[in-house]
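Structural description and commentary
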Amino acid sequence: YSTPLAPKHNTPSSLYRLYNAHGSDFGAYSLAYSFLIPDFSFRGETATSSSGGMATINSAQWIVNQHHRLTAIHRYYGARYVAVNAHSFGENSRPQNENGLFLGWTTTAISNTTLETYIDIVHFPWLKHQVSASSNSIDGTIQLTNKPSKRLTLSARYRFKTKQKDHKTGNDDQTTRLAYHTTHSLRLQCHADLTPSLASRTTISATLKQLKGKTTAKGFLISENLKWKPSDRLKTELTFTYFNTDSYDSRISIYEPSLLYTFGFRTLYNHGIRTSILTSLPLGKLIGKDTSSLTLNAKLGTTVYFGQHTIGSGLELITQNHREDLQMQLRWKF
C-alpha cells in the first residue's frame, strides 16, 4: 500500500487491534491438499503470513450410507496471522484469532424429510471488540424440512448461539467481567406452488435475547412472499413483512428477493411493516429483438415504522417514519 496501515491500539478499549494488519507490505503462503476415497473426503489448507502467524483449516466428510452424512471442520487462525484479502469459514469476519470445531449431521432416514443439525464450538485466544479477555462461543442449529408433496415444502429451524462479551457489574458500573450473551431463534416456513406460475412462501420468525439467563429483549415477524413467473424471462415478486422487536438487540434477519448479484437478506427491528416488489422485464420483446438479450430488473421497497417520527441520525436523518429504496439493473446478454 502507498499509505501504511496504522490501527490504534494504545488504549484498553482498542488493545484488541494489536495484531490487526499494520504496515504497507503483506505476504502469505499456503498449501492446499486433499484425500478422496469412495464415501469419504478430506480437504485442507495451511498458510503462514509475513507477520509470523499461521492458519489452517481442515474438513472431513463421511457418507455413512444413502441416508446419513457426517461433516467435521476444524480451523485454527492464529492471532498473529494477517492476510489482508483472505476469507474463510469461521465466526469472525476474517481468518484471525479463532480456534473452532464444527460438527454436522444430515439424515434423510425419514420419508420425504431431511434433518440437518450442527454445533460449532469456538475459542478466541486474543481480545475482541467489547471483549477484554480470551473468550468462547457456541453455535448450534437443528433444522427439519418435510416435503409432503411436490408442491408443498415445510421447514422448522431452531438456533442457539451464545458468546462471551464484557458485562459491567458493581454499583460503580466500572467492574467488567465476561458474561454469556445468548440468542434463541426460531423460524417456521411454508413454501407452496399454488399454480405452475404462482408460488407462495410464508415465514414466521421469533428471537429471544438473554444475559446471564435473564431475558433482555425479544421480537417476532411474519412475512408473505408471492412469486409470479409466467415464463423463464418474466417474473414479479411481492413481499410483505410485519415485524415487532423490543430493540436492535432482538433484530431479525430475513431473506428478501433482490436484484442479481446483490445481497438478499434484510435486518428488521423496532415496530413496523416492510413491503417490496421485484420485477424482471425482458425489453428485447418490446423492441422486436431476441427476448434473452436485454432485461430490466427493478426493485422498489418501503419500510414504515410505527410510533417513530424520525429515522437514522446525523447526515442520514430522515424526518419521517418511512423510508423508500429503489434499485434498477439493466442486463445485456450477448
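Okay, so let's go over this structure. Because the structure is predicted, anything quoted here is derived from the model rather than measured.

Rules and cut-offs
Residues numbered from 1 in each chain as written. Predicted model: local features only at pLDDT ≥ 70, side-chain atom pairs only at ≥ 80, totals over all residues. Heavy atoms only, no water. Phe/Tyr/Trp six-rings, centres within 6.5 Å; stacked < 30°, edge-to-face > 60°. Helix = DSSP H or I, 4+ residues; strand = E, 2+ residues; numbered from the N terminus. Buried < 20%, exposed > 50% of the residue type's maximum accessible area, 1.4 Å probe, protein only. Lys NZ or Arg CZ within 6 Å of the ring centre and 35° of its normal. Salt bridge = Lys/Arg side-chain N within 4 Å of Asp/Glu carboxyl O. Polar contact = N/O pair within 3.5 Å; in protein donor to acceptor, adjacent residues only side chain to side chain. Contact = heavy atoms within 4.5 Å.

**Remarks on the packing of aromatic side chains**
All chains considered together, the criterion is met by nine aromatic pairs. Note on Tyr19 and Trp126: the rings are 5.1 Å apart at their centroids and 65° apart in plane angle, and the pair reads as edge-to-face. Remark: Trp126 occurs in the loop between β6 (113-124) and β7 (135-149) and Tyr19 occurs in the segment before β1 (28-37); sequence separation between them is 107 residues. Relative accessible area serves as the criterion here: at 22%, Trp126 is assigned to the partly exposed category. Note on Phe89 and Phe102: the rings are 5.6 Å apart at their centroids and 85° apart in plane angle, and the pair reads as edge-to-face. Within this pair, whereas Phe89 is found in the loop between β4 (68-77) and β5 (98-107), its partner Phe102 is found in strand β5, the two being separated by 13 residues in sequence. Look at Phe89 and you get partly exposed, because its relative accessible area is 34%. The buried category is assigned to Phe102, whose relative accessible area is 15%. Ring pairing ties together the aromatic residues Phe89, Phe102 and Tyr118, which thus form one cluster. Over the face of the ring belonging to Phe124 we find Lys128, whose NZ or CZ atom lies 3.8 Å from the ring centre.

**Comments concerning the pattern of salt bridges**
Overall, the coordinates contain ten salt bridges when judged by the stated rule. Between Arg75 and Glu98 there is a salt bridge, with its nearest N and O atoms 2.9 Å apart. Here Arg75, found in strand β4, pairs with Glu98, found in strand β5; they are 23 residues apart in sequence, far enough to count as distant. For Arg75, a relative accessible area of 0% corresponds to the buried category. Given a relative accessible area of 0%, Glu98 falls into the buried group.

**A look at the side chain of Thr303**
With respect to the helices, strands and loops of the structure, Thr303 is situated in strand β16 (residues 294-305). Take Thr303: its relative accessible area is 4%, and that puts it in the buried class. Within polar-contact distance, the side chain of Thr303 engages the side chain of Arg274 at 3.1 Å. Those residues in contact with Thr303, other than ones at most four positions away along the chain, are Phe243, Ile273, Arg274, Asn321, His322 and Arg323.

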